[in-house]
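One-letter residues, chain by chain:
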Amino acid sequence: MTGWRRVFAAAALAVAGISGSRPALSAEGPDPQLWSRLQRIEGAFRGGDASALRSSLAAAGKVRVDLRDLTDGPASYGPGQLQVIFERIFDENRTRDFAFRKQDVTVSSPGTAFAKGRWTRRARPGGQETVETLTFTLREENRDWRINEILASR
C-alpha cells in the first residue's frame, strides 16, 4: 500500500470510529471456533446445564464472576466451584432465552474476545422476569476459546 493510501485508510478508520477492537466476524462470517463456543454457551444457559457450561470454562486458573443478585459480589472460582454455583443458579432460575448477537462479539487483541449475551430468566417459583446482559471474556486456549470472565452489566 502506498503512503497516501495508508493515510487515507487510517483516516477512514478514524472517521468510522474503529478503535483497535475488531469484530470477531469477517466477510465470510464469525470466527468458526469462537462462534461454536458461543453457541455451546447459549445451549448451556438455555438448557440450565451447568456441566455443559463447565466445559466452556478456562481449563487452568480461575474464572472471574460477578452476577448481581446471583453471586456474592465479584469473585474468582475454579471450574468445579463455578459448576456448583451455576447448578444452584439454574435450579433457582428458569432461563426463557439466552442469545449472543453476532454484532456484540469483538476480538480486542489476538486470542482475546468479548461477547455480550442477553439472558432472560425468571426466578422459581413464579418470580419476576429479569432481562440482563452478561459480558463474557474468552481467551484462546489450544486452538479453542474458553471463558475467563462473566460479568453482569451494572
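Provided above is the structure to which this section pertains.
Read on for a plain summary of the structure. Quantities reported herein were computed from a predicted structural model and do not represent experimental measurements.

To continue, consider the nonpolar core. Core analysis: the largest hydrophobic core is formed by 34 residues, its most contacted members being Ile41, Phe45, Phe86 and Phe136. Mapped by element, the contributors of at least two residues to this core are helix H2 (32-47), helix H3 (50-54), strand E4 (63-66), helix H4 (79-92), strand E6 (93-109), strand E7 (112-123), strand E8 (129-141) and strand E9 (144-152). For this core, the element with the highest residue contribution is H2, accounting for 6 residues. Residues within four places of Phe45 in sequence aside, it is in contact with Leu53, Phe86, Phe90, Thr95, Phe98, Trp119, Leu134 and Phe136.

This structure, assessed with the given rule, holds 9 aromatic pairs. Each ring, one from Phe45 and one from Phe136, has its centre 6.0 Å from the other, and the planes form 85°; the classification is edge-to-face. Of this pair, Phe45 sits in helix H2 while Phe136 sits in strand E8, and the two are 91 residues apart along the sequence. Phe136 carries the same exposure label as Phe45, and that label is buried.

Counting through the fold element by element, Gln83 comes out in helix H4. Accessibility expressed as a relative area gives 14% for Gln83, which makes it buried. Here Gln83 is in contact with Ala50, Ser51 and Arg54, once residues within four sequence places are set aside.

Backbone geometry follows two general trends: most residues other than glycine have a negative phi, and most peptide bonds adopt the trans configuration. Residues Arg124 and Pro125 are joined by a peptide bond in cis, for which omega reads -15°. With phi around 50°, Asn142 is a residue other than glycine that occupies positive phi space. Mapped onto the elements of the fold, Asn142 is located in the loop between E8 and E9. In this structure, Arg143 is a non-glycine residue whose phi angle is positive, near 65°. As for its placement among the helices and strands, Arg143 is situated in the loop between E8 and E9.

Rules of the game
Residues numbered from 1 in each chain as written. Predicted model: local features only at pLDDT ≥ 70, side-chain atom pairs only at ≥ 80, totals over all residues. Heavy atoms only, no water. Core = buried A, V, L, I, M, F, W, Y, C linked by side-chain atoms within 4.5 Å. Buried < 20%, exposed > 50% of the residue type's maximum accessible area, 1.4 Å probe, protein only. Helix = DSSP H or I, 4+ residues; strand = E, 2+ residues; numbered from the N terminus. Contact = heavy atoms within 4.5 Å. Phe/Tyr/Trp six-rings, centres within 6.5 Å; stacked < 30°, edge-to-face > 60°.

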